[in-house]
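So the chains spell out like this:
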Amino acid sequence: MSLLTVQNLRKSYGALKVTDDVSLSVEPGELHAIIGPNGAGKTTLISQLSGQLRSDSGRVIFDGADITEMRMPQRARRGLSRSFQITSILPGFSVLENVSAAVQARSGSSFRFFAPVAAEAGLNTSAIAALTRVGLQDRAAQRAGSLSHGEKRQLELAIALATQPRLLLLDEPLAGTSGSEAERLVQVIASLKGEVTVLLIEHDMDAVFALADRISVLVYGRVIATGAPDAIRADLQVRAAYLGEDA
Amino acid sequence: MNPRIRNIAALVVFGSFAILPLLAQVLGDSFLIVVATRILAFAIAALALDLILGYGGMVSFGHAAYLGLGAYSVAMLSRAGITDLGLHLLGGIAMATPFALITGAISLRTRGVYFIMITLAFAQMAYFFFVSLSAYGGDDGVTLAARSTLLGQPLLENDTTLFYATLALLIAAYLLALRITGSRFGRVLTGTRENPLRMQAIGFSPFPYQLTAYVISGCIASVAGVMLANQTEFVSPALMNWHRSGELIVMVVLGGIGNLIGAVGGAVIALLLEEWLSRMSEHWPLFFGLFLVIVVLASRDGISGLIRRIGGGK
């Protein structure tokens, strides 16, 4: 059974159909990439899947349950975690606290008023593990707002990982990173394969073709093709719509 | 704020208050204790406001309502023959909780300036409710027959005892707020102020946490109302006037938001200045305003920002 099934999802802003009858499925364990030209509706689709945006119609089924009507926090608690294209962190918190808060969200009640949270070893240990995974453990005590852009992208990924996702929605994790930073993030994402199911949106085609098990191509809100990377590369319709003559 | 600097500041502030009655005795100025008790009571309310304003990013422009609820709890229970301070405090909390739950649940549907306006509107509704409550003097208010009793004895009739009781409640409220802000709950509250979208994306729905904080804050502020009623032995709707809500915001901003002890210091400085300037000129609010402008321009975090800069902390 698919981990995520999207059925006939739609979203319009006035006459503009941003998501136009999208159906797709994500299988357990796979890394499924969505590519498409600017304005194809990729981020809108991720926002609909994560529950940030309400869909006009269609259904989203996650792990056998219909989550169409659920908001983002509920979906996150079920294991559907997302990262943001535009870095979204808690700038006034330390790097460790950013990740520890995400661990906290998945471990017990947060209606605890007296015990000092900074001293909760369980939260901090898991947070350090997530930071180590993305290579940010040395920055743990630093204020998150003072990180470099590349480091913030790493932190964004660590936060998403710390929620113990079963499906990770990554919205352009490499956006704005330099060559070496991107390389590092690609390595981290590659290391997740087989462990976490990933739905990846990315503009960096080298990264997508290196990482993806399957690729869906989104153009003007419609999925025009889904398949293995080689098949997508060979698909004439995709070439015409997106990859260009010399792809 | 650096915890070390905060602890030192707290020790200095609470320590100075603790020895104040000695000073008053030496100076032979018993009025000092009366002024100081008033300051302590407002400090409790400012602390309560800082909990939601500084940590939760919720600017309540209606916190004077809780002062009034606490004060009227004293008037109403006393008239019913219940005189114990503990029960008066419970009575205040029993009135503040439903008021905060209902008005908070509605106010929290809005953000920013709308939140400010809607909390103001609810407080004004409470104000006019008590204005029209003729059984308790309406607009004129009502004089208390006596202060609350402690252990069945009229101990609080002594100004010094009332002073220490208020100081004890302020310290208790401070320690409680300190624990809350450092807890799991406090982290969710602060994180939501920092970036609500991020908190939702990791699985937190802000509303229940914000509402709980709002109710806790209202309850602490009602404690301040109980003590103010005891200090003046008089209760009137003037206590819940919107000017008061504004003054509470001024105290918190003046002291520096989001570190608790700053709000206490802000209450001390604001009320001392008011006391001092009003003796010098009837146009004292003008000078007070000037002072506020200078502090806010000189330091984004009010007095605590200045102390931090002098102390070299970050």
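When you go through chain B residue by residue, the secondary structure sums to 13 helices and 2 strands. Radius of gyration (C-alpha) of chain B: 19 Å, near the 20 Å computed for a compact globule of 314 residues. For chain B, the spread of C-alpha atoms along the principal axes amounts to about 55 × 40 × 40 Å. At a minimum sequence separation of 6, the contacts of chain B that also span at least 24 residues come to 77%. If you sum the accessible surface of chain B, you get close to 13,200 Å²; carbon and sulfur atoms cover 69% of it.

Another point: the packing of aromatic side chains. Residue and element names in this part refer to chain B. Summed over the entire model, instances satisfying the criterion amount to 17 aromatic pairs over all chains. Seen from their ring centres, F17 and F163 are 6.4 Å apart, and the 45° between their planes marks the pair as tilted. Of this pair, F17 sits in helix 1 (residues 3-27) while F163 sits in helix 6 (residues 159-181), placing them 146 residues apart in sequence. With a relative accessible area of 9%, F17 lands in the buried category.

On to unusual backbone geometry, then. Residue and element names in this part refer to chain A. The phi torsion at D63 lies on the positive side, around 55°, for a residue other than glycine. When you line up the elements, D63 lands in the loop between strand 4 (57-62) and strand 5 (65-66). The partly exposed category is assigned to D63, whose relative accessible area is 36%.

All names here are of chain A. Partitioning chain A into structural domains gives domain 1 (1-79 + 165-247) and domain 2 (90-164). Counting residues at the interface gives 21 residues for domain 1 and 14 residues for domain 2. Where domain 1 packs against domain 2, one counts 1 salt bridge. Residue E195 is joined to R133 by a salt bridge in which the shortest nitrogen-to-oxygen separation is 2.8 Å.

Residue and element names in this part refer to chain A. The strand order across the open sheet formed by 4 strands is 2-1-4-5, and the pairing between neighbours is antiparallel. Where the open sheet ends on each side, the last strands, each with one partner, are strand 2 (16-26) and strand 5. Here strand 1 (residues 4-13) pairs with strand 2 via 7 bridges, running antiparallel. Note that in strand 2 the partner of T5 across the bridge is S25.

Conventions we followed
- Within every chain, residues take consecutive numbers counted from 1 along the sequence as written.
- Key to labels: chains lettered from A, ligands numbered from 1, both in the order written.
- For this predicted model, a pLDDT threshold of at least 70 governs which residues receive local features, and a threshold of 80 or more governs which side-chain atom pairs are given and counted, while totals over whole chains, interfaces and linings are taken from all residues.
- The side-chain numbers reported here are obtained from all heavy atoms of the structure, hydrogens and water having been left aside.
- Helix and strand definitions here come from DSSP, where helices need a minimum of 4 consecutive H or I residues and strands a minimum of 2 consecutive E residues; each element is numbered from the N-terminal end.
- Both definitions apply: the radius of gyration is a C-alpha atom measure, and the globule rule equals 2.2 Å times residues to the power 0.38.
- By the convention used here, residues are in contact when the closest approach between their heavy atoms is within 4.5 Å.
- Values of accessible area rely on a 1.4 Å probe in the Shrake-Rupley scheme; residue burial ignores everything except the protein chains shown.
- Side-chain rings of Phe, Tyr and Trp, where Trp is taken by its six-membered ring, are said to pair if the distance between their centres is within 6.5 Å; with planes under 30 degrees apart they count as stacked, over 60 as edge-to-face, and otherwise as tilted.
- Relative accessible area decides the class of each residue, using a 1.4 Å probe on protein chains only: under 20% of the type maximum gives buried, over 50% gives exposed, and in between gives partly exposed.
- An automatic or database domain assignment is the source of the domain bounds shown.
- The rule for a salt bridge is simple: a side-chain nitrogen of Lys or Arg has to be within 4 Å of a carboxyl oxygen of Asp or Glu.
- If DSSP finds at least two bridges between two strands, the strands pair.

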